[in-house]
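# Results of the structural survey
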Amino acid sequence: LEVYPNLPIINASEGIDYLLSEEHDHEDETLDDGDEDKQIESEETQHQEEYNAHVWLNMNYYLQEIQTVQDALSEYDAQNSHVYQVNGTAYQEQIKVLKADMETTLKAAAGTGVVIFHDSFAYLAGELGLDVIHTVNMDSESSLSAGEIAEVVDEVNEKQIKILFTEEQYSTSIANNIAKETDASVYVIDSIVRGEMSKDGYITAMKKNLEVLKQALGTE
């Protein structure tokens, strides 16, 4: 952005209040006294992790993002403004149908306690009214110690949690081990950060998530 200061920028999530991310438990890296670049990079990484950026998993926010993008494109490319508005509005209508289906289908499950293995699901849980009892914010298999696993097991047992939501792009082995020590079951949700890049990729992924949620929450 510094190289191209006149490049138009669309911040799709402008105006959306981010949730704070759960703290990541990364090992501290020893920095040499003179290694200022590495120190700055480390500080920037820590700053970036303060906010949970996965707003699109709440479809209310995703609709807001679509509107922001279509309006900005119309402004930057006024000649094709009508096309952006027609296509954006049509896409929003598809999302609204899916949103209504998910919220109606899962309405009875509001208040259900769950444990999530990626903080992106906090947005989806918020929309559906699920109660996130514990967030295990994993970037890799090594991000959870034996002591931390035992802590989660104790909390799941104490609060009689039946549902563990894991992230599609990471291994479910830790969640599976916790499930073996409790009465909970593991369900895999797609946070839609990778995968199919077609124009209907989001809808396809969220429909798949709906089926998983129906199974997990007993609303099938």
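Structure first, text after, so check above.
None of these values were measured; they are calculated from a predicted model. (Residues numbered from 1 in each chain as written. Predicted model: local features only at pLDDT ≥ 70, side-chain atom pairs only at ≥ 80, totals over all residues. Heavy atoms only, no water.)

Before going further, it helps to spend a moment on the sheet that holds strand β4 (residues 131-135). Spatially, the four strands line up as an open sheet ordered β4-β3-β5-β6, and their pairing is parallel. The open sheet is flanked by β4 and β6 (185-189), the only strands paired with a single partner. Geometrically, the sheet is characterised by an average inter-axis angle of 30 degrees between neighbouring strands, direction not taken into account. Sheet topology note: the strand β3 (residues 113-116)/β4 ladder contains four bridges and is parallel. Paired with I116 across the bridge in β4 is T135. (Pairing = 2+ DSSP bridges. Helix = DSSP H or I, 4+ residues; strand = E, 2+ residues; numbered from the N terminus. Axes fitted to C-alpha atoms, helices over the stretch in contact; angles between N-to-C directions.)

With that out of the way, let us pick up the environment of G218. Checked against the element boundaries, G218 lands in the segment after α7 (201-217). In this structure, the C-alpha to C-alpha distance between G218 and A108, residues 110 residues apart in sequence, is 9.4 Å.

Turning to the nonpolar core, a few remarks are in order. Among the nonpolar cores identified, the biggest contains 35 residues, and I95, M102, L124, F165, Y202, M206 and L213 are the most heavily contacted of them. Contributing elements (two or more residues each) for this core: α2 (59-76), α3 (81-105), β3, α4 (121-128), β5 (163-167), β6 and α7. The biggest single contributor to this core is α7, with nine residues. Residues V136, L144, V152 and I178 belong to the second largest nonpolar core, which totals 14 residues. (Core = buried A, V, L, I, M, F, W, Y, C linked by side-chain atoms within 4.5 Å. Buried < 20%, exposed > 50% of the residue type's maximum accessible area, 1.4 Å probe, protein only.)

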